[in-house]
Structure formats: structure tokens, C-alpha cells
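Examination of the molecular architecture
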Amino acid sequence: MKAESQYNQNNLITQLRRIKWRNYEGYLFIAPLFIGIFAFTIFPLLFSIYMSFNNWSIVTPPKWVGIQNYVYMFTKDLLFWKVLGNTFRYAILSIPPSIIIPLLLALLVNRKLAGVNFYRAAFFLPLVTSAVAIGTLWRWIYDGDFGLLNYILALINIDGPSWLADPTWAMPAVVVTTIWQGAGYNMVIYLSGLQGIPDHLYEAATIDGANAGEKFFLITVPLLTPQIFFITIMGIISSFQSFGLIYVMTSGGPMNSTNVYIYYLYMMAISNVKMGYGS
């Protein structure tokens, strides 16, 4: 009896050791992910929060100034409020078309047409093209003197403005480029949703006498709600992170009309070497 009890105890200890080792194996497998999250997300975030309470020009040691950076930003930095307004304006102008236009493209390429795979690839291509290349291309298109857009407008006797040099037109011009660049990605999201809608729903609607518009608004749009929600959220996030196109096309100008908060952060922290205030 004593030997059996000792055996059970030893067996339990062995099982516990195996479970413990399996736990260690699990921690080992997820360690690279946690190290990456800590090194590239958590630590920079905490470091940035700490540095925001300091006056730091990178080349000199940080000097603790408390909340002076925040007080200056909210009470004395008038450009900050302009930049914040530009950021919201950029989001408001870019998000609705980024929801509607890709949906129309998805409906177009969801049909059985000749060369449909080519059109899908062509619409998606701007997304995998670098922001520098896209920005350079569209700067030429928008050029006031030699640009393609003004050349086309001149053919119909319209005198186009200097798009990127005009504070009125610079932001809409950048927004159009942003919508063009991201349309392919949103189109693919919509396309996956469209191909998941059962055909029998449209067949039943046809039997009931529904026209194309009723099918679209009563079947297609409601069943694409998850995709619309996802695209809306991602659009809000990306519009508040816009930097590359603005850096290449306008550098925040003219007269800070396209200066959004990520570019302003870069301008303060890197260009003006005010890392503490940029943080």
C-alpha cells in the first residue's frame, strides 16, 4: 500500500513536471512575438510619453520641464490647432469616397467579363506601389504649367489652377491621390464579401419583382455591412496616419494647408530637432 502511494506520488510529480515543461515550451514559442511587441510598440510608447515631459534636442541630454510642452501646445501653438483641423478635414474628405468608389469597382469586377483578372490587378496595383513613386507621379499630373490634368482641362477651354501650390486646391488634390491609391485594397475587401453572398437571394428577389436598385440596397448593402464597417475603421486609422504622400507632394504646404498631425510631428521632432515637443 505504501509502495503504491509512493508510485502515485512520483507519477503525479512527473506529470506536473511535463505540464510545467510544456508551459515553458509555449512561452518559448511566443517569446519572439512578445519581444517584438515590447521593443517596437510598448517601449517606444512609454519612452515617448516620458520624453514629452522633457526638453530634448537629441544632441543634448533631456531636461525635465514637466507639463510645459502640453501647456505650450494647447495655449500658444496656433499651428497645432490648424494642423488638427487639417487632419479632420483630410479624414472627412477621404473616408466617404474611399467607402463608395471601391464598392462600385468591386461590383464592376465581380461580373464575368473578358480580362476581369487584369482589371482587378490594375486597380490593386497602386497599393503595392511606393508612396514616393505615387507622389512623384501625381505631382507631375497636378503641375500647374506642364501637368497632364491642366493639359486635359485646356482642351475643353478650362484654365486649371496650380493645384498643389494653391491653398484651396492642395488638400482636395492630395485626397484624390489617397483615394486612388487605396481603392484597390478596399475593392478586394468588398469583392470577398460580394462573392460570399448566395445567388439564391438575388434569384428570389428577381422572382418577387425586385429591380437592380432594390437588390443592391436591400440585399447587397446589408450583407456587406461587416466589410463596410471594417473599411470605415481602417479608413479612419489610415487617414490619421497619413504622411508619405503629403511629404512627397506638398511637404505640408502651401501655407500649411496640407499639414496634418503626423507630418507636424515629423517637422517638430526631426526637422526642428524638438524631440521632446514632438513626443
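This text goes with the structure placed above it.
All figures in this text were calculated on a predicted structure; none of them were measured in a lab. (Residues numbered from 1 in each chain as written. Predicted model: local features only at pLDDT ≥ 70, side-chain atom pairs only at ≥ 80, totals over all residues. Heavy atoms only, no water.)

Take the overall build of the protein next. Regarding its fold elements, the protein presents 13 helices and two strands. The C-alpha radius of gyration of the protein comes to 28 Å, more than 25% above the 19 Å expected for a compact globule of 279 residues. Based on the C-alpha atoms only, the size of the protein along its principal axes is roughly 105 × 70 × 30 Å. Considering the protein as a whole, with its 279 residues, one finds that 32% of them fall into the buried category. For the protein, the share of sequence-separated contacts (at least 6 apart) that also reach a separation of at least 24 residues comes to 62%. Just so you have it, the protein exposes about 18100 Å², and 69% of that area is on carbon and sulfur atoms. Across the protein, the centroid of the 15 positively charged side chains sits 18 Å from that of the 11 negatively charged ones. (Helix = DSSP H or I, 4+ residues; strand = E, 2+ residues; numbered from the N terminus. Rg over C-alpha atoms; globule rule 2.2 N^0.38 Å. Buried < 20%, exposed > 50% of the residue type's maximum accessible area, 1.4 Å probe, protein only. Contact = heavy atoms within 4.5 Å. Areas by Shrake-Rupley, 256 points an atom, 1.4 Å probe, with all protein chains shown as cover. Lys, Arg positive; Asp, Glu negative; His and termini not counted. Charge placed at Lys NZ, Arg CZ, Asp CG, Glu CD.)

Time to look at the packing of helix α4 (residues 116–124) against helix α7 (residues 170–194). Contact pair α4 / α7: the axes reach a minimum separation of 7 Å and the direction vectors enclose 135°. In terms of orientation, α4 lies oblique with respect to α7. Together, Arg120, Phe123 and Phe124 of α4 and Gly184, Tyr185, Met187, Val188 and Leu191 of α7 make up the contact between the two elements. Among the residues forming the contact of α4 with α7, the class breakdown is six nonpolar, one polar and one charged. (Axes fitted to C-alpha atoms, helices over the stretch in contact; angles between N-to-C directions. Parallel < 35°, antiparallel > 145°, perpendicular 65-115°, else oblique. Nonpolar A, V, L, I, M, F, W, Y, C, P; charged D, E, K, R; others polar.)

Within the structure shown, the criterion is met by 24 aromatic pairs. A centroid spacing of 5.3 Å and a plane angle of 65° characterise the contact between Phe243 and Tyr266, whose relative ring orientation is edge-to-face. Of this pair, Phe243 sits in the loop between α10 (225–239) and α11 (244–249) while Tyr266 sits in helix α12 (residues 261–271); the two residues are 23 residues apart in sequence, bridging distant segments of the chain. (Phe/Tyr/Trp six-rings, centres within 6.5 Å; stacked < 30°, edge-to-face > 60°.)

Before going further, it helps to examine the nonpolar core. The biggest cluster of nonpolar side chains holds 25 residues, and the ones touching the most others in it are Tyr90, Trp138, Tyr142, Leu164, Val174, Met249 and Tyr264. Broken down by secondary-structure element, the contributors of at least two residues to this core are α3 (78–109), α5 (131–141), α7, α11 and α12. Among the elements that make up this core, the one with the highest residue count is α7 (five residues). The contact partners of Leu164, leaving out residues within four places of it in the chain, are Arg139, Tyr142, Ala170, Ala173, Val174, Met249, Thr250 and Pro254. Counting residues in hydrophobic clusters, the runner-up holds 20 residues, among them Ala91, Met187, Leu194 and Ile197. (Core = buried A, V, L, I, M, F, W, Y, C linked by side-chain atoms within 4.5 Å.)

Right, let's get into the packing of helix α9 (residues 212–223) against α10. As a packed pair, α9 and α10 sit with axes 4 Å apart at the nearest point and diverge in direction by 55°. By the angle class used here, α9 and α10 are oblique. Of α10, the residues touching α9 (which contributes Val221, Pro222 and Leu223) are Thr225, Pro226, Gln227 and Ile228. Of the residues in the contact of α9 with α10, the class split is five nonpolar, two polar and no charged.

Moving on, we get to unusual backbone geometry. The step from Gly253 to Pro254 runs through a cis peptide bond, and the omega angle for that step is -10°. In this fold, Pro254 is placed in the loop between α11 and α12. A positive phi angle, near 60°, is found at Asn256, a position not held by glycine. Looking at the secondary structure, you find Asn256 in the loop between α11 and α12. Residue Asn256 is classed as partly exposed on the basis of its relative accessible area, which comes to 26%.

What follows covers a nonpolar patch on the surface. Together, Leu33, Ile37, Phe38, Ile42, Phe43, Leu45, Leu46, Phe47, Ile49, Tyr50 and Trp64 make up a nonpolar patch on the protein surface, roughly 1100 Å² of accessible area in all. Note that Phe47 resides in helix α1 (residues 2–51). (Patch = residues over 30% accessible without salt bridge, like charges linked within 9 Å, V, L, I, M, F, W, Y side chains within 5 Å. Salt bridge = Lys/Arg side-chain N within 4 Å of Asp/Glu carboxyl O.)

Attention now moves to α3. Since one α-helical turn is 3.6 residues long, residues separated by three or four positions face the same way. The end-to-end C-alpha distance of α3 is 47 Å, a good match for the 46 Å that 32 residues give at a rise of 1.5 Å each. At the N-terminal boundary of α3, the capping side chain belongs to Asp77, with an oxygen 3.2 Å from the backbone nitrogen of Leu79. (Expected span 1.5 Å × (residues − 1). Polar contact = N/O pair within 3.5 Å; in protein donor to acceptor, adjacent residues only side chain to side chain.)

Okay, the environment of Tyr151 next. Mapped onto the elements of the fold, Tyr151 is located in helix α6 (residues 148–155). Owing to a relative accessible area of 53%, Tyr151 belongs among the exposed residues under this scheme. For the pair Tyr151 and Ile141, spaced 10 residues apart in sequence, the C-alpha separation works out to 9.2 Å.

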